[in-house]
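An overview of the molecular structure
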Amino acid sequence: MGIDNVFVEIDNLEVPILDGSGQPFVDLIRSAGIRTYRRRRRYLRVTRPVSVEGNGKRITILPSDRFLLTCEVFFDHPMVGHQQIEMEVTPERYASDLAPARTFGFEHELSQMRDMGLIRGATLDSAICFTPDSVMNPGGLRFPDECCRHKALDLIGDLALIGRPLLGQVIAERAGHAMHVALVSKIMSDPSLYEILSFEQLASRVTHALVS
């Protein structure tokens, strides 16, 4: 949402799941309003291709002057299967296309996950639950490819660990949280993979590219 200067106060172990999506936070930010400061934003631009892969999964970032995202998932379920989304990530596109997408799970996994002490507060009000051939939620899906959109939401959240707005073309193929975080760690441990640009430098570069 373009917020890069904020205090977050949490009085428990994790952020509330709410409805399982990012939409409630988008609504609260819009309701509270955004204050613009005089200090110019600084961006992290990936300058060389960097990737992490394993077990048929991969995530790559290629150099770009924009934040471009391709996210691909596959789940062996008749309502999911292979899904892919491609977009330039902007506050507007995030709010309309990704934030409403909820987290999800599969009915056959519930017992095992609860035995592991996970999803103890999960309900149909906070997640999508797929049966073997349908979805349990009375309202159904918000998007036909809601699973892929939520994975893209997850990816954007993990990439925020970089600490600055990202410029690069991100391509995620069946990746998950652990691989996202491994990629962030790889980037931040090697300064030769990125450069820090001011808003003025970025604007000048984009203008030059348009003119030439």
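First, a word on scope: everything that follows refers to the structure included in this document. (Residues numbered from 1 in each chain as written. Predicted model: local features only at pLDDT ≥ 70, side-chain atom pairs only at ≥ 80, totals over all residues. Heavy atoms only, no water.)

What to know about the pattern of salt bridges
A pair can form between side chains of opposite charge whenever their charged atoms are brought close. Applying the stated criterion to the full structure yields eleven salt bridges. For Asp19, the salt bridge identified is with Arg142, shortest N-O distance 3.0 Å. Of the two residues, Asp19 is situated in the segment before α1 (23-32) and Arg142 in the loop between β7 (128-130) and α4 (146-159); the sequence distance between them amounts to 123 residues. Taking the relative accessible area as the measure of exposure, Arg142 reaches 38% and is therefore partly exposed. A salt bridge links Arg45 to Glu195, with the shortest nitrogen-to-oxygen separation between them at 3.3 Å. With Arg45 in strand β1 (residues 42-46) and Glu195 in strand β9 (residues 194-198), this residue pair connects regions lying 150 residues apart in the sequence. Among the residues examined, Arg45 registers a relative accessible area of 14% and is labelled buried. In this structure Glu195 comes out as partly exposed when scored by relative accessible area, which is 24%. Salt bridges sharing partners connect three or more residues here, namely Arg45, Asp65 and Glu195. (Salt bridge = Lys/Arg side-chain N within 4 Å of Asp/Glu carboxyl O. Helix = DSSP H or I, 4+ residues; strand = E, 2+ residues; numbered from the N terminus. Buried < 20%, exposed > 50% of the residue type's maximum accessible area, 1.4 Å probe, protein only.)

Regarding the packing of helix α2 (residues 91-98) against α4
At their nearest, the axes of α2 and α4 sit 10 Å apart, and the two run at 140 degrees to each other. With respect to their mutual orientation, α2 and α4 come out oblique. Touching Tyr94, Asp97 and Leu98 of α2 are Arg149, Ala152, Leu153 and Ile156, all from α4. (Axes fitted to C-alpha atoms, helices over the stretch in contact; angles between N-to-C directions. Parallel < 35°, antiparallel > 145°, perpendicular 65-115°, else oblique. Contact = heavy atoms within 4.5 Å.)

A few points about the state of the cysteines
Inspection of the entire model under this criterion finds zero disulfides. In this structure Cys147 is a free cysteine whose sulfur lies 8.7 Å from that of Cys148, the closest cysteine sulfur available. Cys148 takes part in no disulfide bond, and the closest cysteine sulfur, belonging to Cys71, lies 4.4 Å away. (Disulfide = S-S within 2.5 Å.)

Re the pairing of β1
Along β1, four of the five residues are buried, which leaves the element largely enclosed by surrounding structure. With five bridges connecting them, β1 and β9 associate as antiparallel partners. Opposite Arg45, over in β9, you have Glu195 as the bridge partner. With two bridges connecting them, β1 and strand β8 (residues 166-173) associate as parallel partners. In the sheet register, Leu44 faces β8, and the bridge partner there is Leu166. (Pairing = 2+ DSSP bridges.)

Some points on the nonpolar core
One finds Ile59, Ile61, Leu159, Leu166, Val170 and Ile187 to be the most contacted residues of the largest nonpolar core, which totals 35 residues. The contacts of Leu166, once residues within four sequence positions are left out, are Leu44, Val46, Ile61, Phe67 and Leu159. Phe104, Ile128, Phe130 and Cys147 belong to the second largest nonpolar core, which has seven residues in total. (Core = buried A, V, L, I, M, F, W, Y, C linked by side-chain atoms within 4.5 Å.)

With respect to the layout of surface pockets
Of the pockets and cavities examined, the second largest pocket occupies roughly 760 Å³. Taken together, 21 residues line the second largest pocket, and the ones lying closest to its centre are Asp4, Asn5, Tyr37, Arg39 and Arg41. Its residues placed into classes, the lining of the second largest pocket shows nine nonpolar, four polar and eight charged. (1 Å grid on protein atoms, 1.4 Å probe; cavity = no way out; pocket = protein on both sides within 12 Å on 5 of 7 lines; lining within 4 Å. Points joined across faces, edges and corners; volume = space filled by probe spheres on them. Nonpolar A, V, L, I, M, F, W, Y, C, P; charged D, E, K, R; others polar.)

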